[in-house]
Amino acid sequence: MSAFDFADQFRRTPDDGGPDLVVIDGTDRFILDEAPHVHGDALRQPGEVAVVDDRYGVLTLGVITVHGAKDVRVVQDSLVGERALEATAGTFGLRGFHHPTTAEEAFRGVRLVLLRLSKSNDRLDEIARAVARFASPDVVLLCGGVSKHMNLSQNDVLRRSFGDVVASRGRGKSRLLVAQDPLQAAANRAALTNPWPRSVHVDELGMTVVAHGGVFAGTSLDQGTRVLLDVLDDAVPNARVAVDMGSGNGVIATMLARRRPGLRVIGTDVSSIAVMSTRATAEANGVADRVEVVRADAGDELGSNSAQLVVCNPPFHDDTTVSTDAAEAMFRNAATILQAGGELWCVWNSHLRYRPVLERLVGPTRQVTRTDKFTVTASRRS
């Protein structure tokens, strides 16, 4: 079976009842078609293939169905992608994959790694280092992306960990990067001298921020977060439980816990690297005992009426695509999580004009502060 035949089977029905959407794209097909050419032997041996950041499970199920790979190791940052893989595998009755919990478990001894490139070079760097450090000496890292979002800096990132990096010719709108000859000594040295996650003391905050590669804002203070922190002391001062929805590098959750010793804080994010970063930032600042971190999609794992305060700095990009879907899901779930009279404090880029959406999904909304770029609002759950 070719990747094109597989595409005919692998479709997703949209929620709006419109036509089926094929979630395998040209980049997935390109990766699947080239995999046997760059390392066919690995495809025939159980446990020698790893798949990284597979958006909907296409690469994982494709490499199993099209190429017969077995015991595939899957590393997915997004919980949405992980759920999609599990759901589709159940629909087709397919298994043959598992989710390792550490980088060493994911890459120890693998010989072929298939990776969908994101816009984050830091994410690529952390993955490339781990592959070079733990994988077999003959490993091939096969990376694919949309050509217009790729750049030469990605080649440079890969060359820190691999001796041989080449770019394919474009096919359709996609291009591949093929990295071989892992520089294991350099990767082992970097793990000690310049490790992931990164840890930086931010003087402005008087705290240490810890971040894995690819987490939003890294070890810096995002401008919108800064605006929110400036007014957050006024948010529901008698709150006993607060939720930081979309916790990212953990700055907001950690600052809430530091400023309010009696407050229990729950940080939640759809991203595994954000969950790890939030947890590490809380630990680095001595509040890990009061900051619980949960991996969830817009807080959907949290209980109803379980908090008096929800705070968020919602994203308006899905990787390289502008989208407000995640923000609206956060607002909707915040209304469920909040007790009556509780408030959602949200910072957003002023041009997005979220206030009518907040009024509709949460409740009466007032402006707390506004700068040239950002607006902070408080929405009361009625």
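In this text, all values refer to a predicted model and were calculated from it rather than measured experimentally.

Participant: Is there a simple way to explain the nonpolar core in this structure?
Facilitator: If you look at soluble globular proteins, the nonpolar side chains tend to sit buried side by side. Core analysis: the largest hydrophobic core is formed by 34 residues, its most contacted members being Leu205, Leu229, Leu232, Leu256, Val291, Leu309 and Trp345. Those elements that place two or more of their residues in this core are strand E11 (207–211), helix H9 (223–231), helix H10 (251–259), helix H11 (272–284), strand E14 (291–295), strand E15 (307–312), strand E18 (338–349) and strand E20 (374–380). Looking at which element gives the most residues to this core, the answer is H10, with six residues. Contacts of leucine 229, omitting those with residues within four sequence positions, involve Leu205, Leu221, Val251, Ile252, Met255 and Arg259. Grouped together as the second largest cluster of nonpolar side chains are 28 residues, Leu124, Ala130, Met150 and Leu158 included.

Participant: What is the right way to look at unusual backbone geometry in this model?
Facilitator: Phi is mostly negative for residues that are not glycine, and the peptide bonds are mostly trans. Residue proline 197 follows tryptophan 196 across a cis peptide bond; omega there is 0°. If you trace the backbone, proline 197 turns up in the loop between helix H8 (184–193) and strand E10 (198–202). If you check the backbone angles, aspartate 53 has positive phi at about 55° while not being a glycine. Among the secondary structure elements, aspartate 53 is positioned in the loop between strand E3 (49–52) and helix H3 (58–65). At aspartate 181, a position not held by glycine, the phi torsion is positive, near 60°. Assignment of secondary structure puts aspartate 181 in strand E9 (residues 174–182). With relative accessibility at 46%, the residue aspartate 181 sits in the partly exposed group.

Participant: Teacher, can you tell me more about the pattern of salt bridges here?
Facilitator: Once the charged atoms of two side chains with opposite charge are near each other, the side chains can pair. Counted according to the given criterion, the structure contains 24 salt bridges. The residue arginine 295 makes a salt bridge to glutamate 82 at a minimum N-O spacing of 3.0 Å. Remark: glutamate 82 occurs in helix H4 (residues 79–92) and arginine 295 occurs in strand E14; sequence separation between them is 213 residues. Owing to a relative accessible area of 23%, arginine 295 belongs among the partly exposed residues under this scheme. When the shortest N-O distance is used, the salt bridge between arginine 380 and glutamate 343 registers 3.1 Å. Taken together, the positions of arginine 380 in strand E20 and glutamate 343 in strand E18 put the pair 37 residues apart, joining distant regions of the chain. What you see here is one network of salt bridges that share partners, running through Asp25, Asp28, Arg55 and Arg116.

Rules used throughout
Residues numbered from 1 in each chain as written. Predicted model: local features only at pLDDT ≥ 70, side-chain atom pairs only at ≥ 80, totals over all residues. Heavy atoms only, no water. Core = buried A, V, L, I, M, F, W, Y, C linked by side-chain atoms within 4.5 Å. Buried < 20%, exposed > 50% of the residue type's maximum accessible area, 1.4 Å probe, protein only. Helix = DSSP H or I, 4+ residues; strand = E, 2+ residues; numbered from the N terminus. Contact = heavy atoms within 4.5 Å. Salt bridge = Lys/Arg side-chain N within 4 Å of Asp/Glu carboxyl O.

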